[in-house]
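# Architecture and fold: a report
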Number of protein chains: 2
Amino acid sequence: MLQSKLFTKTQKEMPRGEKSINAVLLQRAGFIYKEMSGVYTFLPLGFLVLRKIEDIIREEMERISGQEVFMSVLQPKELWQKTDRWSKGVGKEIMYKCKVGDKEIGLGPTHEEMLTDIIKNYVKSYEDLPLAVFQIQTKFRKEPRAKSGLLRGREFGMKDLYSFHATEQDFKDYYQKVKKAYFRIFERCGLKAIFTEASGAGFTREYTHEFQVISEGGEDIIVYCPRHHFAQNKEITKFKVGDRCPVCQGVLKENKSIEVANIFPLGDKYSKAMGAFFQDKDGKKKPIIMGCYGIGTSRLMGAISEVLHDEKGIIWPSQVAPFLVHLILLPVKKIVPLRKTAEKIYLGLQKSGIDILYDDREDKSAGEKFAEADLIGIPWRIVVSERTLEKDSVEVKKRDRKKVELIKINHLSQFLKSK
Amino acid sequence: MLQSKLFTKTQKEMPRGEKSINAVLLQRAGFIYKEMSGVYTFLPLGFLVLRKIEDIIREEMERISGQEVFMSVLQPKELWQKTDRWSKGVGKEIMYKCKVGDKEIGLGPTHEEMLTDIIKNYVKSYEDLPLAVFQIQTKFRKEPRAKSGLLRGREFGMKDLYSFHATEQDFKDYYQKVKKAYFRIFERCGLKAIFTEASGAGFTREYTHEFQVISEGGEDIIVYCPRHHFAQNKEITKFKVGDRCPVCQGVLKENKSIEVANIFPLGDKYSKAMGAFFQDKDGKKKPIIMGCYGIGTSRLMGAISEVLHDEKGIIWPSQVAPFLVHLILLPVKKIVPLRKTAEKIYLGLQKSGIDILYDDREDKSAGEKFAEADLIGIPWRIVVSERTLEKDSVEVKKRDRKKVELIKINHLSQFLKSK
């Protein structure tokens, strides 16, 4: 894309009323626009990142046989009354509600009720199980405190996966598969997630699990083994800093962290309440065993920028960066030959399938261009200048390194693809 | 995908309370699930169609320089008060509203206010214009009558594009570009759209334009030239059936039709109200000239099934079909060699990039399988049977034709790609 055509611009000033790093960086760099507390619009650069995150998650969900659906936001009151969550708990505390005539409807903060109600129409026998269904969709929650940018939204993107099983053991096996898929997702997003025990949310005697990423911007606190053998959310743990890891005897640490995902057993709570039963091999009618698994997609974008940045701006990992390459044309008097070369590089790399933002603007100084590029945080910066053009080369620099390499123009595509 | 794993099943019974063809067919075939009047969930097959429609639209929007964003659903009251649409018009009549504490917020039925408010932060000079911004997102409207399935939703998918210009002429040129892009979109979706003049929506003296598709299931009526030289919505026209086309003198017809899109000039209504001005070449401050262009994505899915079906089920056009090929294994006693061949075909076609649904179920009769395949409506049906296997061939049939062709198995991929 041509940067001269991109309608957003970066801003030097700090956005008013924002304290969290992710909100400040993402707004200054033009990824998001704040509509109100906890509600953001995704601008072109931000939308590209969000789509890449979604595509990674979609791929990994399909690898574990997830079938994608797209459920409605508007939810009938009757569904929530079946699980007694309309006037209590989630429905009372965080659900937005609208009136249509004299009928009340809710905006989905989560979809256990709705999906279980759908599934029961199709699952009759143990032969219809197991199955896993997911969606990537906008959720709504009345958050009392929405001060952490994309980390806690009133309107936010979420991938929610639900699994349905005939037996507890089958559920447990699938739970392990999801755990592995989640680690792959966070790795591809450039994050080190720590598998953390958390509280049981009232309907399971066992722990649930969170994926936590160490960050001073996080709203959680975890006590964890530095070698990742053990971690518990501070809310439930009896361990403290300096205690020994129950697995490896290493010394436990404590840190603020961002919960980027959670996975938990639902047992038969929803299937019993919604009437989702199946006939087992032995002919008996049994409630379906369920699990649910969430990842906040917009929160993940917030977490990446919260964790991966320096004093100059964001440092996007390649797989979720809005573009892989930021090509920069330096403004000089005799710009025609430079521009020709830059355009050739731009079209050539695009043709070889590389996402590229081309800063073709002539009214910005080199200093301004570099500062903007660092703020936006695209992984590879390529500079076309008079000096290197004599050698048929360009300067290539990785966002998180100081070293500048001189690369021959006709080796560029190969160089970038080998990285 | 293996059909044995697909969690939805087709149903023979008519869904209760549905009269429109699209709602009946899409529910019976397992594409959508009705949550409440005008609110549907997209099941795996429906989600695939929706994504293909979205991808076609996205591609055509990018071809006309559209920059994609994703705006929030929750909209502050203050934005709508600036255009006086909170307590009147759209805001009064069709906007869902929620309370958060004592603050009122709306669920976006459209995004002129929000986008103009964003744009004004980035557009300062005529050099920042023109620009075009679009999103594909869920919209919410309190429709009093929501009886036409996906054709009129309370919650529905929409692509909305907004364009911003320094001059009226520039706007008019872009309007023509969008018109062409829209015709390409409908052609790729298998629909013949008629460009129709409609009423000016109060803020323009000129007509706006709708893209109408002839269908008995439509809620509009148009008077049109059969050679598509002229068409007007019955709401505004002075012409009647039998009158002469003002362009070609052909005899005008009248028919019910589905409005699949609309495009209209906004002039400076929103830019003036929201304070979106720019400095022109002559140094003068001027309001930005705007246009807006909508396509209902879920409505388009409804329109396709409403128009393209027969008594047996839906007939999806290739580019929006959930799968290109429906491979059917016929149940026989000695099924092992048949299954082996079918699996080979399944994996082979998948490898060559063809979307394929493989009906691998053994507990369904040939008759049941064919009836289900016709209801679901995938373009190409391939049947693996004992009879043709002797000739290393399979039976291939197009959904909308009677002719069955015998194709050698190792020519299949080539055959399908040549179509």
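Computed from a prediction, not measured in an experiment: that's the story for all the values here. (Residues numbered from 1 in each chain as written. Chains lettered and ligands numbered in written order. Predicted model: local features only at pLDDT ≥ 70, side-chain atom pairs only at ≥ 80, totals over all residues.)

Helix and strand counts for chain A come out as 12 helices and 23 strands. Sequence separation of 24 or more characterises 68% of the internal contacts of chain A that already satisfy a separation of 6 or more. (Helix = DSSP H or I, 4+ residues; strand = E, 2+ residues; numbered from the N terminus. Contact = placed C-beta atoms within 7 Å.)

For the rest of this paragraph, the subject is the interface of chain B and chain A. Interfaces are often sized by the amount of accessible area the parts lose when they come together. Each partner contributes to the interface: chain B provides 35 residues, whereas chain A provides 35 residues. Those elements giving two or more residues to the side of chain B that touches chain A turn out to be β1 (32-36), β2 (39-42), α2 (44-63), β3 (66-68), β4 (74-76), β5 (97-100) and β7 (131-140) of chain B. If you tally residues by element for the side of chain B that touches chain A, the top one is β2(B), at four residues. Tallied by class, residues from the side of chain B that touches chain A come to 23 nonpolar, five polar and seven charged. (Nonpolar A, V, L, I, M, F, W, Y, C, P; charged D, E, K, R; others polar.)

The strands that make up a sheet are held in pairs by hydrogen bonds between backbone atoms, and each pair lies either parallel or antiparallel. All names here are of chain B. Taken in spatial order, the five strands make up an open sheet running β20-β19-β21-β22-β23, and their pairing is mixed. A strand with exactly one partner marks an edge of an open sheet, and here the two such strands are β20 (356-359) and β23 (404-408). Along the sheet, successive strands turn relative to each other by an average axial angle of 25°, direction set aside. Direction of pairing for strand β19 (residues 325-329) relative to β20: parallel, over a ladder of four bridges. When the bridges of β20 are listed, L327 appears paired with Y358. Together, β19, β20 and β21 (380-384) form the strand contacts of helix α9 (residues 336-351), whose direction differs from that of β19 by roughly 165°. (Pairing = 2+ DSSP bridges. Axes fitted to C-alpha atoms, helices over the stretch in contact; angles between N-to-C directions.)

Quick look at the relation of the copies chain B and chain A now. In screw terms, the move from chain B to chain A is a rotation of 180° and a rise of 0.0 Å along the axis, fitting with an RMSD of 0.0 Å. Such values leave the two copies arranged in the relation of a two-fold axis. In terms of proximity to the rotation axis, the leading residue of chain B is B:C98, whose C-alpha is 2.7 Å off the axis. Looking at chain B, 100% of its interface residues are interface residues in chain A too, so the copies touch through the same face. (Least-squares fit on C-alpha atoms with pLDDT ≥ 70 in both.)

Residues and elements named next belong to chain A. Counting buried positions along strand β21 (residues 380-384) yields five of five residues, so the element is predominantly enclosed. Where strand β19 (residues 325-329) meets β21, five bridges bridge the pair, whose relative direction is parallel. Counterpart to V325 in the pairing with β21 is W380. The pairing of β21 with strand β22 (residues 393-398) spans four bridges and is classified as antiparallel. The partner of R381 across the bridge, within β22, is K397. (Buried ≥ 20, exposed ≤ 12 C-beta atoms within 10 Å, placed from the backbone.)

All names here are of chain A. For the pair helix α1 (residues 21-28) and helix α8 (residues 297-307), interaxial distance at closest approach is 8 Å and the crossing angle is 95°. The orientation of α1 with respect to α8, classified from their angle, is roughly perpendicular. Along its contact with α1, which presents I21, N22, L25 and L26, the element α8 presents G302, S305 and E306. Of the residues that constitute the contact of α1 with α8, the class distribution is three nonpolar, three polar and one charged. (Parallel < 35°, antiparallel > 145°, perpendicular 65-115°, else oblique.)

Among the secondary structure elements, A:F47 is positioned in helix α2 (residues 44-63). With 227 residues separating them along the chain, A:F47 and A:M274 place their C-alpha atoms 36 Å apart. Excluding residues within four positions of it along the chain, A:F47 makes contact with A:F42, B:E68, B:V69 and B:F70.

What follows is about the confidence of the model for chain A. Detailed reading of the predicted coordinates is not advisable wherever pLDDT is low. For chain A, the mean per-residue pLDDT works out to 95, and 99% of the residues sit at or above 70. Across the predicted assembly, pTM comes out at 0.97 and ipTM at 0.97. (pLDDT = per-residue confidence, 0-100.)

The next point concerns the environment of B:N233. Residue and element names in this part refer to chain B. Following the sequence through the fold, N233 ends up in strand β12 (residues 231-233). In this structure N233 comes out as buried when scored by C-beta crowding, with 22 C-beta atoms within 10 Å. Contacts of N233, omitting those with residues within four sequence positions, involve T196, E197, A198, E210, D220 and I222.

With that settled, consider the nonpolar core. With 249 residues, the main nonpolar core has A:V260, A:V325, B:V260 and B:V325 as its most contacted residues. In this structure, B:V325 is in contact with B:L349, B:I354, B:I356, B:I378, B:W380, B:I382 and B:L416, ignoring residues within four places of it in sequence. (Core = buried A, V, L, I, M, F, W, Y, C linked by C-beta atoms within 7 Å.)

Take the environment of A:L324 next. All names here are of chain A. If you trace the backbone, L324 turns up in the loop between β18 (313-314) and β19. With 20 C-beta atoms counted inside 10 Å, the residue L324 sits in the buried group. Along the backbone, L324 and L416 are 92 residues apart, and their C-alpha atoms lie at a distance of 8.9 Å. In this structure L324 touches S318, I354, D355, I356, P379, W380 and L416, once residues within four positions along its chain are discounted.

On to the pairing of β5(B), then. Residues and elements named next belong to chain B. Bridge count between β5 and strand β6 (residues 103-107): four bridges; the pairing is antiparallel. Counterpart to C98 in the pairing with β6 is I105. In this antiparallel pair of consecutive strands, β5 and β6, the connection spans two residues, and G101 shows a positive phi of 65°.

Here we come to unusual backbone geometry. Residue and element names in this part refer to chain A. For the peptide bond that leads from L129 to P130, omega is -5°, which places it in the cis range. With respect to the helices and strands, P130 occurs in the loop between α5 (112-119) and β7 (131-140). The phi dihedral of D392 falls on the positive side, at around 55°, and the residue is not glycine. By the secondary structure assignment, D392 is in the loop between α11 (386-389) and β22.

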